[in-house]
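Coordinate inspection notes
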Amino acid sequence: MIDLVIEDDGVVVGEVGLQINRDRRIAEVGFWVTQAARRTGVGSRLLFAAESLASPVGDVDLFAITLAENVAAIALLEARRWPEVETTTAHKRAFRWRPSRPHT
Ligand SMILES: CC(C)(COP(=O)(O)OP(=O)(O)OC[C@H]1O[C@@H](n2cnc3c(N)ncnc32)[C@H](O)[C@@H]1OP(=O)(O)O)[C@@H](O)C(=O)NCCC(=O)NCCS
């Protein structure tokens, strides 16, 4: 598990956790931002940090699952252009981000 935090004046205002699966191909991402810091770009910075961690590795996809009513999380994932993938449950939505891989 990798945890990254963003601080404002020494106070944590947001956190993203990456839970890497056993074969190291997918990391499930969870994130939150304090109420007061929302809509100030902290969530975007957290996802950017997660993407930046995964990018050099090259073959680790990031995966986020949210409740279907989680408007904020879905809007954030869409704003960062994470492609949506199908889920087996109607009350959840899933997004999978792939690092761009070099063409061989
Ligand atoms: C989801 C969450 C992390 C968003 O964090 P944030 O810091 O507010 O996000 P940002 O400020 O970076 O928002 C970036 C963009 O996402 C979209 N967005 C974020 N929150 C939104 C909301 N409540 N409604 C509509 N769009 C929203 C907007 O496009 C926004 O850009 P804009 O502010 O210029 O319009 C935050 O609301 C949160 O912590 N929620 C509770 C925890 C949670 O649901 N975690 C996800 C579990 S999978």
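This structure is a prediction, so every number in the text was calculated from the model and none was measured. (Residues numbered from 1 in each chain as written. Predicted model: local features only at pLDDT ≥ 70, side-chain atom pairs only at ≥ 80, totals over all residues.)

1. Some words on the site of the ligand
Applicable threshold: A residue counts as near a molecule or strand when its C-beta atom, positioned from the backbone, falls within 6 Å of it. Only DSSP runs of H or I covering at least 4 residues are called helices, and only runs of E covering at least 2 are called strands; the numbering of each starts at the N terminus. Polar here means any residue other than Ala, Val, Leu, Ile, Met, Phe, Trp, Tyr, Cys and Pro, which are nonpolar, and Asp, Glu, Lys and Arg, which are charged; Gly is therefore polar.
Close to the ligand lie 20 residues, the nearest being Arg 38, Gly 43, Ser 44, Ala 72 and Ala 75. Within the residue set of the shell around the ligand, elements represented by two or more residues are strand S3 (26–33), helix H1 (42–57), strand S4 (61–67) and helix H2 (71–79). A per-element tally of the shell around the ligand places H2 first, with six residues. A breakdown of the residues in the shell around the ligand according to their chemical character gives eleven nonpolar, seven polar and two charged.

2. Regarding the environment of Glu 69
As for its placement among the helices and strands, Glu 69 is situated in the loop between S4 and H2. Sequence separation of Glu 69 and Arg 93 is 24 residues, and the distance between their C-alpha atoms is 9.1 Å.

3. With respect to the confidence of the model for the chain
Using the following cut-off: Known as pLDDT, the predictor's per-residue confidence is scaled from 0 to 100.
When pLDDT is averaged across the chain, the result is 92; 94% of the residues are at 70 or more. No element of the chain has a lower mean pLDDT than H1, at 91, and none a higher one than H2, at 98.

4. Describing the nonpolar core
Basically, it comes down to this: Only buried Ala, Val, Leu, Ile, Met, Phe, Trp, Tyr and Cys residues enter a nonpolar core, and they are joined through C-beta atoms within 7 Å. Three exposure classes are used. Buried residues have 20 or more other C-beta atoms within 10 Å of their own C-beta, exposed residues have 12 or fewer, and partly exposed residues fall in between, all C-beta atoms being placed from the backbone. Whether two residues are in contact depends on their C-beta atoms, placed from the backbone: they are in contact if these lie within 7 Å.
Residues Val 16, Ala 27, Val 29, Ala 50, Leu 62 and Ala 64 are the most contacted members of the largest nonpolar core, which totals 18 residues. Of all the elements in the fold, those that place two or more residues in this core are strand S2 (11–20), S3, H1, S4, H2 and strand S6 (92–97). Of all the elements, H1 adds the most residues to this core, at four residues. Filtering out sequence-adjacent residues up to four positions away, Ala 64 remains in contact with Val 29, Leu 77, Trp 82, Ala 94 and Phe 95.

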